[in-house]
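Architecture and fold: a report
Each chain, written out:
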Amino acid sequence: MQELEIPTIGKIKPRPFQWDCHQATENYIRDEFKRYKETGSMPRPAYINASVGAGKTILIGAMADKICNKTGWKCLVLARQGELVDQDAECAWDMDVKNSIYSASLGRKSTHYSCVIGTSGTVVNDLIDEFTVFYPDVILIDECHQVDWKDALGKGETEYGRIIQHFKKLNPRLVVIGYTGSPYRGIESIQGDFWDREIYTISTEELVDLGFLVPTVFGWPHDDIQYH
């Protein structure tokens, strides 16, 4: 894809591989909504495998822009740590996505804007209060390998399990998209009964080949350099 074809979103112009990933994710969401409309089948959660350095915050911000600014839907971005919520929220503002933060650790609990970015622990505590009024069309999960997908399909006792099952009851066409650089829980791939497919992969090798990451060099140092 030529760089001239990539739009600037707010202050940020996605890199070509980020834009390719964004478009693949956009197409997936569109296809799942269409399948739901035609068959009544609930959309299938899917994820993006984006290596360290791929810019997951930009991928999330671009998707929030599409969902909230371009489509007029509601979006909930979830992360475990307040630091990630803060990063995602700041990047979203840089991409002209007005957003509310819902995180006790950051001292803010608001659902004012159509894009809400929050910690899973704070959101899960207010499901029967604030989040019966605000419920999203799309959930974006940062570091989605932290989701216990067996619980999300089963009893829904974990934070993410309770959140996902709660919003699926309120919105049967809910789409869940995950972002991770390590799509495994332990040694087991997350792709399967819950995470239906890997939408797009941005590998470390690709980022090295494109010059965005410095390659890792293995080997022994010179004898004159007394490294251990």
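Residues numbered from 1 in each chain as written. Predicted model: local features only at pLDDT ≥ 70, side-chain atom pairs only at ≥ 80, totals over all residues. Heavy atoms only, no water.

Observations concerning the state of the cysteines
Here is the rule: Cysteine sulfur atoms are paired as a disulfide whenever they fall within 2.5 Å.
Across all of its chains, the model carries 0 disulfides by this definition. The cysteine Cys 115 is free of any disulfide, with Cys 68 supplying the nearest cysteine sulfur at 4.7 Å.

Describing helix 3 (residues 82–94)
Spelled out, the test is: The way it works is that DSSP assigns letters per residue, a run of H or I at least four long becomes a helix, a run of E at least two long becomes a strand, and they are numbered from the N terminus. Expected span of a helix: the number of residues minus one, times 1.5 Å. Relative accessibility thresholds used throughout: buried, under 20% of the residue-type maximum; exposed, over 50%; partly exposed, between the two (1.4 Å probe, protein chains only). Note on definitions: a residue-residue contact is assigned when non-hydrogen atoms from the two residues lie within 4.5 Å.
Relative to the 18 Å expected for 13 residues at 1.5 Å per residue, helix 3 spans 18 Å between its end C-alpha atoms, a close match to the ideal helical length. Residues of helix 3 that are buried: Gly 82, Leu 84, Val 85, Asp 88, Ala 89, Cys 91 and Ala 92. Here the buried face of helix 3 lies against helix 2 (56–70), strand 2 (75–79), strand 3 (99–103), strand 5 (115–119) and strand 6 (138–142). Just downstream of helix 3, Asp 96 is the residue with a positive phi angle, here 65°.

Quick word on the sheet that holds strand 5
Formally: Note: two strands are recorded as paired if DSSP finds a minimum of 2 bridges between them. Note on method: axes are straight lines fitted to C-alpha atoms, helices fitted across the in-contact stretch only, with angles between N-to-C directions ranging 0 to 180 degrees.
Pairing in this open sheet of 8 strands is mixed, and the strands run 4-3-5-2-6-7-1-10 from one edge to the other. Single-partner strands in this sheet number two, and they are strand 4 (108–109) and strand 10 (197–202). Bridge analysis of strand 3 against strand 5 gives 4 bridges, and the strand direction is parallel. Residue pairing for strand 5: Tyr 102 is matched across the bridge by Gly 118. Along the sheet face, helix 1 (residues 16–39) touches strand 1 (46–50), strand 6, strand 7 (175–180) and strand 10 and points at about 170° away from the line of strand 10.

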